[in-house]
Amino acid sequence: MSAIGNPSAVLSTRGPVLVVGTGLLGTSLALALTAAGVPVQLSDTSPTSLALARDMGAGQVRDEHSPEPALIVVATPPDVAAGVVLRELDAHPDAVVTDVASVKARIAAEVRRHGGWDARRYVGSHPMAGRERSGAGAADSDLFAGRPWVVIADGATPEAELAVRNLAVDVGATPVRMTAAEHDAAVAAVSHVPQLVSSLLAARLETTPENALGLAGQGLRDTTRIAASDPRLWSAIVVGNAGPVADMLRQLRGDLDRLIDGIAPAAVSPDDPAYTAAGDAATIAPGAVGAITDLMTRGNAGQARIPGKHGGAPRRYAQVQVLVPDSAGSLGRLFSDVGEAGVNIEDFAMEHSPGQSAGLAMLSVMPAAAQGLEEALDARGWRVVVS
Ligand SMILES: NC(=O)c1ccc[n+]([C@@H]2O[C@H](COP(=O)([O-])OP(=O)(O)OC[C@H]3O[C@@H](n4cnc5c(N)ncnc54)[C@H](O)[C@@H]3O)[C@@H](O)[C@H]2O)c1
Ligand SMILES: O=C(O)C(=O)C[C@]1(C(=O)O)C=C[C@@H](O)C=C1
């Protein structure tokens, strides 16, 4: 069980923990550890990022008077992570060092190659938790709750591995042991290629006319959320895992080619008599429906295998969607009705399409509270949208 916000929980992580890189991941982890009562030291090459993390209550800035850390977490971009790990192993001869970079094999190889005996204190890791925003300002102490945290233990001492597994558990995550190669192949499929596909899709919107964009609904928002991610960070991630990512992109290209080849003959010119005979199966190009159905069916099967909705890790928050009239005070009334229903809003977003007289308020709440809130809001006359 996570120790966050539970003062009686027994903590296994021995502090002080030094977090190097106080961006989204580093500050989220530092906030979670601080909330659990572990002393945290902070370090970053950017004084502004460091000051922000400190001001958010994530820990103390490390200086020459700080006590020696027992555990060091490197949360810098992947392309500099190995160098920072090696520097920290050298500077703190008794500390266990981990990094949270999204790629593992190349960092581990560099650390093992240059770290000598000290590299036995290094355990690469990767919390499968994050978001499309960077920097301490987007940090969240709950980020790791219920998420897998990959631990790469090849070549490390059992004590070092245990320290990193304990860290994951203490912030609410579940450690998952893998080799670096297994990890990199897995994240190519579940994280890196999905990021690129989302970006490919969103890149097409650059030249999409405004009036078409005005029609965008939840489907487009769902498939492009992560296209807002940081290009610099993701360039380092994809370059660092280029082999597995390129392999999967080639497979995707094969699927795409089959789909295009299948549907292209069904594109009928308006002058063709088949254009107005859509109800006649004979006029549909042979193979077109099969190609689409095949892809959609495989997609259904793949989507159903994603854990979370079917007994895997629970989603952190449930979303309650409510139509809010575009008038002064409406949102205030909604918030006060949610408060009167005894429900805390964990996160909030508003979707507003131009020219519409109502917006869609998306309230993130604890999953157990969602149904009761929908009923309470419905009873108070709100239009709850079931997605
Ligand atoms: N963003 C995600 O969703 C996510 C999820 C899991 C893991 N990760 C991994 O976590 C790491 C950090 O990602 P992030 O999203 O927090 O990035 P971020 O850009 O929010 O933060 C990175 C921080 O590292 C600092 N930094 C850069 N070089 C440094 C150096 N040499 N020494 C000290 N500090 C340095 C930067 O100033 C910045 O504050 C990356 O390796 C990333 O692959 C990211
Ligand atoms: O949910 C998101 O916004 C993320 O991008 C998180 C995500 C992921 O792909 O699952 C992104 C990169 C990380 O290395 C780990 C987690």
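Structural data are supplied above this passage.
The model shown is predicted, which means the values in this text are computed figures rather than measured ones.

Participant: Honestly, the sheet that holds strand β11 (residues 358–365) in this entry has me stumped. Any pointers?
Facilitator: Strands pair in a sheet through their backbones, by hydrogen bonds, and they do so in one of two ways: parallel or antiparallel. The four strands are arranged β10-β11-β9-β12 in an open sheet whose pairing can be described as antiparallel. Two strands in the sheet have a free side with no partner beyond their single neighbour: β10 (347–351) and β12 (383–385). In this sheet, adjacent strand axes meet at a mean angle of 30° when their direction is disregarded. Bridging between strand β9 (residues 318–325) and β12 involves three bridges; their strand directions are antiparallel.

Participant: How do you make sense of the sheet that holds strand β1 (residues 17–20) when you look at a structure like this?
Facilitator: Overall, mixed pairing links the eight strands, which are arranged β3-β2-β1-β4-β5-β6-β7-β8 in an open sheet. Looking at which strands have only one partner, the edges of the open sheet turn out to be β3 (60–61) and β8 (174–178). Of the strands in this sheet, β1, β2 (40–43), β4 (71–74), β6 (122–127) and β7 (148–152) touch helix α1 (residues 24–35), which is tilted by about 165° from β2. Of the strands in this sheet, β6, β7 and β8 are in contact with helix α6 (residues 180–203), which crosses β8 at around 110°.

Participant: Looking at this structure, I do not really get the site of ligand 1. What am I missing?
Facilitator: With respect to spatial proximity, 28 residues lie near ligand 1, and among them Leu25, Asp44, Thr76, Ser102 and Gly135 are the closest. Within the contact set of ligand 1, an oxygen atom lies 2.7 Å away from a backbone nitrogen or oxygen of Thr76. Within the residue set of the shell around ligand 1, elements represented by two or more residues are α1, α3 (78–91), β6 and α9 (231–240). If you tally residues by element for the shell around ligand 1, the top one is α3, at three residues. For the shell around ligand 1, the class distribution of residues is 14 nonpolar, twelve polar and two charged.

Definitions and limits used
Residues numbered from 1 in each chain as written. Chains lettered and ligands numbered in written order. Predicted model: local features only at pLDDT ≥ 70, side-chain atom pairs only at ≥ 80, totals over all residues. Heavy atoms only, no water. Pairing = 2+ DSSP bridges. Helix = DSSP H or I, 4+ residues; strand = E, 2+ residues; numbered from the N terminus. Axes fitted to C-alpha atoms, helices over the stretch in contact; angles between N-to-C directions. Contact = heavy atoms within 4.5 Å. Near = heavy atom within 4 Å. Polar contact = N/O pair within 3.5 Å; in protein donor to acceptor, adjacent residues only side chain to side chain. Nonpolar A, V, L, I, M, F, W, Y, C, P; charged D, E, K, R; others polar.

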